[in-house]
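Structural description and commentary
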Amino acid sequence: MTSPHEDTRIPDAMNVHVAFPGTCREAMQFYADVTGGQLECLLTYAETPAAEHSPSELHDRIIHASLNLRGRRLMGADMAADTYTPPQGVEVQLEYQDIEQAARTFAQLSEGGKITMPFEATFWSPGFGMATDRFGIHWMVNVASDNCPMATEGDPA
């Protein structure tokens, strides 16, 4: 019998994967610079067995990218033009303890993109903002706060 903390339905990790129309390498290097995360992988189509089954124009594109942010990963890949669709209805959320770092990160991510909600104090946080970066990825940058109580009873964490 497993304890509630050993529930096998709960995955070992949850990562975010984003698709790009050919800008994955540039975007992931930018995200590594902005966040200080470790870029673990930038694998091209040509470097895999998929090369013989993919169009030659994809060979220098990224089939698998991984950016490690304290054990959580932002992953990505370039998609063929006929299969790529811009992201919709999902944001990548970054949370910081330090408001100045959160504001710097937000400013960098929104440069060349579009600000949806300026970075400012909200009822739940001393700093929060939403933007779409120049690569078309939607971001939320948040400063941690105790203003949003969480349910503890039955919480699997």
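Residues numbered from 1 in each chain as written. Predicted model: local features only at pLDDT ≥ 70, side-chain atom pairs only at ≥ 80, totals over all residues. Heavy atoms only, no water.

**Some points on the overall build of the chain**
- In terms of regular secondary structure, the chain is built from 2 helices and 8 strands.
- Reading the secondary structure of the chain in the N-to-C direction produces β-α-β-β-β-β-α-β-β-β.
- With respect to the three principal axes, the spread of C-alpha positions in the chain is 50 × 50 × 25 Å.
- For the chain, buried positions account for 34% of its 157 residues.
- Long-range pairs, those at least 24 residues apart, make up 52% of the contacts in the chain between residues at least 6 apart in sequence.
- Accessible area of the chain: about 10200 Å², with a carbon and sulfur share of 53%.
- If you average the places of the 9 positive and of the 22 negative side-chain charges in the chain, the two averages end up 3 Å apart. (Helix = DSSP H or I, 4+ residues; strand = E, 2+ residues; numbered from the N terminus. Buried < 20%, exposed > 50% of the residue type's maximum accessible area, 1.4 Å probe, protein only. Contact = heavy atoms within 4.5 Å. Areas by Shrake-Rupley, 256 points an atom, 1.4 Å probe, with all protein chains shown as cover. Lys, Arg positive; Asp, Glu negative; His and termini not counted. Charge placed at Lys NZ, Arg CZ, Asp CG, Glu CD.)

**Topic: the layout of surface pockets**
- Each pocket or cavity is described by its volume, and for the largest pocket that value is around 900 Å³.
- Lining the largest pocket are 22 residues, and of these Leu69, Arg72, Gln93, Leu94 and Glu95 lie nearest its centre.
- Among the elements of the structure, strand S4 (72–78) and strand S5 (92–96) are those that each provide at least two residues to the lining of the largest pocket.
- A total of 5 residues in the lining of the largest pocket trace back to one element, the largest contributor, which is S5.
- Here the lining of the largest pocket is built from residues that sort into 10 nonpolar, 7 polar and 5 charged. (1 Å grid on protein atoms, 1.4 Å probe; cavity = no way out; pocket = protein on both sides within 12 Å on 5 of 7 lines; lining within 4 Å. Points joined across faces, edges and corners; volume = space filled by probe spheres on them. Nonpolar A, V, L, I, M, F, W, Y, C, P; charged D, E, K, R; others polar.)

**Quick look at the sheet that holds S4**
- With respect to topology, 4 strands assemble into an open sheet ordered S1-S4-S3-S2, the strand pairing being mixed. Where the open sheet ends on each side, the last strands, each with one partner, are strand S1 (16–20) and strand S2 (38–44). Direction aside, neighbouring strands of the sheet carry axes that sit 15 degrees apart on average.
- The sheet contact formed by strand S3 (residues 62–69) and S4 spans 5 bridges and is antiparallel. Bridge pairing links leucine 69 to arginine 72 in S4.
- Sheet strands in contact with helix H1 (residues 24–35) are S1, S2, S3 and S4, and its direction is about 5 degrees off that of S3. (Pairing = 2+ DSSP bridges. Axes fitted to C-alpha atoms, helices over the stretch in contact; angles between N-to-C directions.)

**Comments concerning the side chain of serine 54**
- Checked against the element boundaries, serine 54 lands in the loop between S2 and S3.
- With relative accessibility at 14%, the residue serine 54 sits in the buried group.
- In contact with serine 54, not counting residues within four places along its chain, are Tyr45 and His59.

**Description of the nonpolar core**
- Ranked by internal contacts, the top residues of the largest apolar core, which has 26 residues, are Phe20, Met28, Tyr31, Leu74, Leu109 and Trp139.
- When residues of this core are traced back to their parent elements, those giving at least two are S1, H1, S3, S5, helix H2 (99–110) and strand S8 (138–143).
- Per-element accounting of this core gives the leading share, 7 residues, to H1.
- Non-local contacts of phenylalanine 20, meaning those with residues more than four positions away in its chain, are made with Ala27, Met28, Tyr31, Gly76, Ala77, Asp78, Met79, Tyr84, Phe135 and Ile137. (Core = buried A, V, L, I, M, F, W, Y, C linked by side-chain atoms within 4.5 Å.)

**Focus on the packing of aromatic side chains**
- Summed over the entire model, instances satisfying the criterion amount to 7 aromatic pairs.
- Ring centres of tyrosine 31 and phenylalanine 135 lie 6.0 Å apart, and the angle between their planes is 85 degrees; this geometry places the pair in the edge-to-face category. Pair noted here: tyrosine 31 is in helix H1 and phenylalanine 135 is in the loop between strand S7 (128–132) and S8, with a separation of 104 residues, a long-range link.
- When the ring centre of phenylalanine 30 is taken as reference, the NZ or CZ atom of arginine 134 above it lies at 4.3 Å. (Phe/Tyr/Trp six-rings, centres within 6.5 Å; stacked < 30°, edge-to-face > 60°. Lys NZ or Arg CZ within 6 Å of the ring centre and 35° of its normal.)

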